[in-house]
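Here is how the chains run, residue by residue.
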Amino acid sequence: MIRRLICAIVLCLFPFLSEAAGDSVTLQLKWKHQFQFAGFYMAAEKGFYHDAGFQVEIRAGEVGKVPADELIHGHADYVVADPGILLARAKGAPVKVLAAIFQHSPLTLIVRENSGITRFSDLRGKRIMLVPGLNADIEAALGAAGITADDFTRQDTSFDIRDLVNGNTDAFAGYETDQPHQLRLMGVRSRIIHPREEGIDFYGDVLVTSEQNITEQPEKVKAFTQASMRGWQYALDHIDETIDVIKEKYNDQDLSRKQLVFEAQKTKEMIESDVVQIGYMREQRWVDIADIYITQGLLPADFPASEVIYLPDESFLDVIKEHRWLIGIILLALISILLTLHSISLRRAVQVRTAKLKESEERFRELFERNKCVELIIDPDNGEIVEANHAAAVFYGYNREQLLALNISAINTFANDQIHEEMALARLAKRDHFIFKHRLSNGEIRDVEVYSGPIVWKQKQLLYSIVHDVSSRKQAEAKATALNNILEESLNEIYIFDAETLKFIQVNYGGRLNLDFDLDELRELTPVDITPEIDQQAFMALLEPLRSGEQRKIQFSTVHQRKDGSRYPVRVHLQLSALQSKQVFVAVVLDVTELEDMEQRFRQAQKMEAVGTLVGGIAHDFNNMLAGMTGNLYLAKQRSQGQPAVIQSLDNIEKLSFRASDMIHQLLTFARKDQVSMNAIALNPFMKETIKFLRASLPENIDLVHDLCSEALTVNGDITQLHQIMMNLVNNARDALDGIDRPQIKIKLNLFVPDDEFMRVHTYFNISPYALISVDDNGCGIPDRQIEHLFEPFFTTKEQGKGTGLGLAMVFGAVKTHQGYVRVNSVEGKGSIFSIYIPLIDAEDDTQKSRRDQEVVKGNGEMILIVDDEQQIVSTEREVLESLGYQVLTASDGDQAVEAFKQHADKLDLVILDVVMPRMGGIEASQCMRLINPQVKIIFSTGYDKDNDGKLKNETVLSKPYMIEDLSHLLQQQLNT
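About the cut-offs
Residues numbered from 1 in each chain as written. Predicted model: local features only at pLDDT ≥ 70, side-chain atom pairs only at ≥ 80, totals over all residues. Heavy atoms only, no water. Salt bridge = Lys/Arg side-chain N within 4 Å of Asp/Glu carboxyl O. UniProt positions renumbered as here; feature names shortened; annotations may be inferred. Helix = DSSP H or I, 4+ residues; strand = E, 2+ residues; numbered from the N terminus. Core = buried A, V, L, I, M, F, W, Y, C linked by side-chain atoms within 4.5 Å. Buried < 20%, exposed > 50% of the residue type's maximum accessible area, 1.4 Å probe, protein only. Contact = heavy atoms within 4.5 Å. Pairing = 2+ DSSP bridges. Axes fitted to C-alpha atoms, helices over the stretch in contact; angles between N-to-C directions. Phe/Tyr/Trp six-rings, centres within 6.5 Å; stacked < 30°, edge-to-face > 60°. Lys NZ or Arg CZ within 6 Å of the ring centre and 35° of its normal.

Caption draft 1: Highlighting the pattern of salt bridges. Counted according to the given criterion, the structure contains 38 salt bridges. Among the salt bridges present, the one from Arg59 reaches Glu57, with a minimum N-O distance of 3.3 Å. Overlapping salt bridges, with partners in common, bring together Arg119, Asp122, Glu422 and Arg431 in one network.

Caption draft 2: Local environment of the UniProt feature "modified residue: 4-aspartylphosphate" (unreviewed entry) in the protein chain. As recorded in UniProt, the feature "modified residue: 4-aspartylphosphate" (unreviewed entry) lies at Asp914. With respect to the secondary-structure elements, Asp914 resides in strand β30 (residues 910-914).

Caption draft 3: Spatial organisation of the nonpolar core. With 48 residues, the main nonpolar core has Ile85, Leu86, Leu109, Phe120, Val208 and Trp286 as its most contacted residues. Beyond its immediate chain neighbours, meaning those up to four positions away, Leu86 contacts Trp286, Ile289, Ala290, Tyr293, Leu299, Phe303 and Val308. Judged by nonpolar contacts, the second largest core, of 42 residues, contains Ala38, Val56, Phe102 and Leu236.

Caption draft 4: Seen up close, the sheet that holds strand β26 (residues 821-827). Here we have 5 strands laid out as an open sheet, ordered β22-β24-β25-β27-β26, and mixed in their pairing. The outermost strands of the open sheet, each flanked by one partner alone, are β22 (703-708) and β26. Strand-to-strand twist in this sheet, taken as the mean axis angle between neighbours without regard to direction, amounts to 15°. Bridge count for β26 against strand β27 (residues 831-839) is 7 bridges, and the pairing is antiparallel.

Caption draft 5: Highlighting the pairing of strand β5 (residues 107-112). Taking burial as the measure, the 6 residues of β5 include 5 buried ones, the bulk of the element. Direction of pairing for β5 relative to strand β8 (residues 171-175): antiparallel, over a ladder of 4 bridges. By the bridge assignment, Leu107 is partnered in β8 with Tyr175. Here β5 pairs with strand β9 (residues 190-193) via 4 bridges, running antiparallel. Counted as the bridge partner of Arg112 is Ser190 from β9.

Caption draft 6: Examining the packing of aromatic side chains more closely. One pass over the structure, following the stated rule, counts 26 aromatic pairs. Seen from their ring centres, Phe102 and Trp232 are 6.3 Å apart, and the 85° between their planes marks the pair as edge-to-face. One end of the pair, Phe102, is in the loop between β4 (95-100) and β5; the other, Trp232, is in helix α10 (residues 218-237), and 130 residues separate them in sequence. As far as burial versus exposure is concerned, Phe102 and Trp232 are alike and both buried. Pairing Phe497 with Phe539 gives two aromatic rings, centres 6.1 Å apart and planes at 45°, and the pair type is tilted. One end of the pair, Phe497, is in strand β16 (residues 493-498); the other, Phe539, is in helix α24 (residues 536-548), with 42 residues separating them in the sequence. The two residues Phe497 and Phe539 agree in class, both being buried. Ring-pair connections join several aromatic residues into one group, and the members of that group are Phe752, Phe758, Tyr764, Phe765, Tyr770, Tyr821 and Tyr837. Above the plane of the ring of Phe48 lies Arg230, whose end atom (NZ or CZ) is 4.0 Å from the centre.

And the structure:
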């Protein structure tokens, strides 16, 4: 009993459950999701389909997917198509049109406003980009304008409106609801030429289903159609809500709200929901569309267009709704009949007024003749000038009789056909304003503006035209246009803003490009919005001298802020002006980014020059002092034989002396005032020796660890610069470890070969092996804001007195000298890694022998003349050379040296000449000596002399300070040559 009761309940509820679930149907759109299909979205969103018993899947269209094919092959139950569905029907497709959504096709031709194309007849000889198979209405309009296929160049559409912008075509077939907005966003002015202008008016989107669907379930077809039309009515009545739904659920094209609003407005115009019921269509209009296809050879001549339309049986109310306009016209006709009957009673009154009209006509003639404006009365049938006033005769340069004997074509420069077309428009009151060029009696051409309309003159309908000479205005407009083009194309930014509201009125291309705003966005902003460093109050104060007349122009520097928040420096020239009787400010703005970069580089060069001048000034004296020290150290070591501890200390002092000389050499190289000596250097032994030296210079609490690769790495480098690189990086790391628990510095040497991923990021590297030297510390790190300044001369993050700001600048310059790169990775509070990349060269691993390992070579009593203005150097060198077994003569300047040489020329074997001396320098002294003995052997000794570097090019030069071992070998080499 219970089982039967349950079965009965289920059977009773089944119909309702089935209805609640709804029939699943598929609606195939003709293109991607956009407002063009908004009604279908809202029918689903607001439940209209659900109320009608449907669960609807709305599919977006795709390139190459034909809606009719989807319907024929059973992939869709309903499709959105266009009048081209007639062609599918002609090929045997069993399809029916249920409703015409768009009363007018949005397909138009789009041209640039400055192209000179205003109508279809202007397209003769032009390039037209068309959609294959979807241009019947456009081609019909071209035919109506007398343009044949041979009169223009056909191009298949690229679907990219930029082809019109870039001049790849003259006219672009596109949707009136879409591409014009895209062009406006690009700042390109355009004009739409619609087939309706030539009397060709196709339907736009239509809703289509299969004959089988209609036959098997006509009520559901009707219900689906009605639900769709309800959706369309709702979408057009609630555009903002509809756009929200599209952006949330159907925005696969990522359309902006502005784009959707524009499309919505145009769509509403195409649908004409305020005029006809949505979905309304007439059989005769389909026949007219089919006739156009037949004329183009796309349909057979006997094609029955009525078979494509599905018109279900209508109720009396439906008939009333559909034919309400016809019924209204009939009612108006009845009313007009009644009015006509009533007019008979007024006939006598008309007769009474006839006399008054005659009087009025005479008064009109008098006004016509005396009017200062040029006035013509023209017969639109043949173009003859029927009447002309005195002002016309004066303007054209004819007397009245000559003027009345002319045809308007003798004055108007247009072709006859075009003149008659324009007169037809005026006659039908479709247009009353025209721009022409008129020819005067002397052949001069004037620009004229004509207002023309129908008038009854002597019982005949003629045209009454008032002509204004606008040549001067046209010339002024042309000049204004040319000036505007110059301003628009200027590379400087030009801004015009309202003197009261401060809102931008016009911004040229340069301004829009730099700020990355379009003009509509900028017109909602003021200069304060793009100038973050100047607030409203400060900006008003800037403008005050211009408002008061105290100054005609002001200049100031500030920064502009782009749409993305980035900033760039500018120089602003601002003045007060007038535009159309309104006070405005005009600002010419120069982007000075490059100028400031140049100024920065100039300041940098000045710093470098200052460093070079400073170092060059002390190098000579400093190296002379070091030369005296090293000579005395040699003598001290000779006198301390048997005291190894003393000799070790003296060796250390000697090493530090040469290190000081190397530092001067490095500073000169950094300032580009000394030459760099590039040789093949084996990095592995160099790094080992350098690390030993660096370890001694670090506090004991710092753990210095190193990891050197086993590969033999050889680079082309300057050993002094490489040593300076390591010393500066380790010293910086040492300073960064101040106050750090368990401080550590890691030095690594590895072979580095860039891979593809590295090269994609660091395109300035070469695809070749590098030596990678890294110095890693766990110190305080470097803030991000300071990293970009690290390698600038005199920039330091250390406390006053703890840093010169030259160390990392020297590192950067030295690495560049070695054709290498330096990279910094740092995390504030965790430490820094400095990575040096130096290109490798192919060279054998040749361990450099220290100059200090060479043995001193003794002399054999040869006589040497020592010339130097530093007495201490003379004394030290004399003692050193005498200890080496030489006879020594001395002189303190060039004059003494030449005199001594004259006296002992036959005994002297070699001369050591200081380059820079008072009275007579070393070079001048050598020239005098060579006049006495051209074969004299001379060694030039110099601390530093940049002015004489070129003069010593082919001479033997010994740079101070020098090792005694090197001196002894050089002396023997010269003496034995």
